[in-house]
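Remarks on the overall topology
Read off the chains here:
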Amino acid sequence: MRAAVPGDEVELAALDSLVNPSPWTAEQFVDACREQEDRYECALVMVCDEQPEGFVVYSRVLDEACIHNIAIRPAMQGAGLGQLLLTAALARLREAGAARCCLEVRESNMAAIGFYRRLGFESGGVRRNYYTTAAGREDAVLMSRQLIEQEC
Ligand SMILES: CC(C)(COP(=O)(O)OP(=O)(O)OC[C@H]1O[C@@H](n2cnc3c(N)ncnc32)[C@H](O)[C@@H]1OP(=O)(O)O)[C@@H](O)C(=O)NCCC(=O)NCCS
């Protein structure tokens, strides 16, 4: 596992297009692949034989963190890679001072909702008609979890 670097954008977009109904373009990965400290997004990439098998894109503003995208190559799903990537991202976010992490997921994506629940995220609301689908639109489920214990 390593941080994304300039030049990863095209391969990350190709991987995303295998699993995401609204895949990101290579342009959308540019910020997360920058090496400058002032970038808004960060990405971790799981690489095997020089090919990305998975990635996670996340951000932090003060103590609020957000997971923007995560994908594992279909043939590699269910083998624990997603858990490794997300756990590593959450550890980095916690270390950087994030107290809470949130994300949005399609309400039809039961696999991802199950995955996030397993990693401690809880549903906390709905964003109506947030995503486009072939048939129209669908809601986003809002999920979040604490990253550090709150003091009483
Ligand atoms: C969702 C995704 C990132 C999970 O990654 P993964 O490597 O397949 O998941 P892991 O093997 O690390 O699974 C970790 C835990 O999540 C849960 N989980 C994983 N897949 C699941 C599924 N299909 N249904 C229910 N729970 C699931 C399991 O509890 C698993 O733990 P266990 O094996 O000890 O029971 C991956 O399947 C993926 O890329 N999906 C397509 C893209 C996507 O939907 N991204 C999320 C957009 S919001």
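Reference entry: report on the structure contained in this document.

As for the overall build of the chain
- Along the backbone of the chain there are four helices and seven strands.
- For the chain, the α and β elements follow one another from N to C terminus as β-α-α-β-β-β-α-β-α-β-β.
- For 152 residues, the compact-globule estimate of 2.2 N^0.38 gives 15 Å, and the C-alpha radius of gyration of the chain, at 15 Å, lies within 12% of that figure.
- The C-alpha extent of the chain, read off along each of the three principal axes, is 45 × 40 × 30 Å.
- Taken over 152 residues, the chain has a buried fraction of 39%.
- Look at the contacts in the chain between residues 6 or more apart in sequence, and 57% of them connect residues 24 or more apart.

A look at the environment of D16
- Its place among the elements puts D16 in helix α1 (residues 9-19).
- Taking the C-alpha atoms as reference, D16 lies 14 Å from L44; in sequence the two are 28 residues apart.
- Look past the residues within four positions of D16 in its chain and what remains in contact with it is P23, W24, F29, F55, N69 and A71.

Things to note about the side chain of D8
- Structurally, the position occupied by D8 is in the loop between β1 (2-3) and α1.
- The class of D8 is buried, set by a relative accessible area of 8%.
- In this structure the side chain of D8 is engaged in a polar contact, spanning 2.8 Å, whose partner is the backbone nitrogen of V5.
- Once residues within four sequence positions are removed from consideration, D8 is found in contact with R2, C33 and V45.

Quick notes on helix α3 (residues 81-95)
- With 15 residues, α3 should reach 21 Å at 1.5 Å per residue; the first-to-last C-alpha distance of 21 Å fits that figure.
- Every buried residue of α3 is accounted for by L81, G82, L85, L86, A88, A89, L90 and L93.
- Check the buried side of α3 and you find it contacts β2 (41-48), β3 (51-61), β4 (64-72), β5 (100-106), α4 (110-118) and β7 (136-146).
- Where α3 ends, the next residue or the one after it, G97, has phi of about 110°, a positive value.

Considering the site of the ligand
- In the neighbourhood of the ligand, 20 residues make up the surrounding shell, with I72, G80, G82, N109 and R118 lying closest.
- Interatomic distance of 2.9 Å between a backbone N/O atom of I70 and a nitrogen atom of the ligand.
- Taking G78, its main chain carries an N or O atom lying 2.8 Å from an oxygen atom of the ligand.
- Protein contact buries 70% of the 920 Å² of open area that the ligand shows by itself.
- Broken down by element, the shell around the ligand gets its largest block of residues, six residues, from α4.
- For the shell around the ligand, the residue count by class is eleven nonpolar, seven polar and two charged.

Regarding α4
- For α4, every residue scored as buried is listed here: A112, I113 and Y116. Seen end-on, α4 carries its buried residues on one side only, within an arc spanning 100°. The exposed residues of α4 that point more than 90 degrees off its buried face are M110, A111 and R118.
- Along its buried surface, α4 packs onto β4, α3, β5 and β7.
- Remark: G120 follows α4 within two positions and exhibits a positive phi of approximately 95°.

Considering the sheet that holds β2
- With mixed pairing, the seven strands of this open sheet are ordered in space as β1-β2-β3-β4-β5-β7-β6. Either end of the sheet is taken by a strand with one partner, and the two such strands are β1 and β6 (122-133).
- Relative to β7, β5 runs antiparallel, the two sharing seven bridges. Across the sheet, L103 pairs through a bridge with M143, a residue of β7.
- Contacting β2, β3 and β4, α1 runs over the sheet at an angle of about 95° to β3.
- The sheet strands contacting α3 are β2, β3, β4, β5 and β7, and the helix crosses β3 at an angle near 30°.

What counts, and at which threshold
Residues numbered from 1 in each chain as written. Predicted model: local features only at pLDDT ≥ 70, side-chain atom pairs only at ≥ 80, totals over all residues. Heavy atoms only, no water. Helix = DSSP H or I, 4+ residues; strand = E, 2+ residues; numbered from the N terminus. Rg over C-alpha atoms; globule rule 2.2 N^0.38 Å. Buried < 20%, exposed > 50% of the residue type's maximum accessible area, 1.4 Å probe, protein only. Contact = heavy atoms within 4.5 Å. Polar contact = N/O pair within 3.5 Å; in protein donor to acceptor, adjacent residues only side chain to side chain. Expected span 1.5 Å × (residues − 1). Near = heavy atom within 4 Å. Areas by Shrake-Rupley, 256 points an atom, 1.4 Å probe, with all protein chains shown as cover. Nonpolar A, V, L, I, M, F, W, Y, C, P; charged D, E, K, R; others polar. Arc of directions from axis to C-beta. Pairing = 2+ DSSP bridges. Axes fitted to C-alpha atoms, helices over the stretch in contact; angles between N-to-C directions.

Bear in mind that shape data such as this cannot, by itself, settle questions of function.
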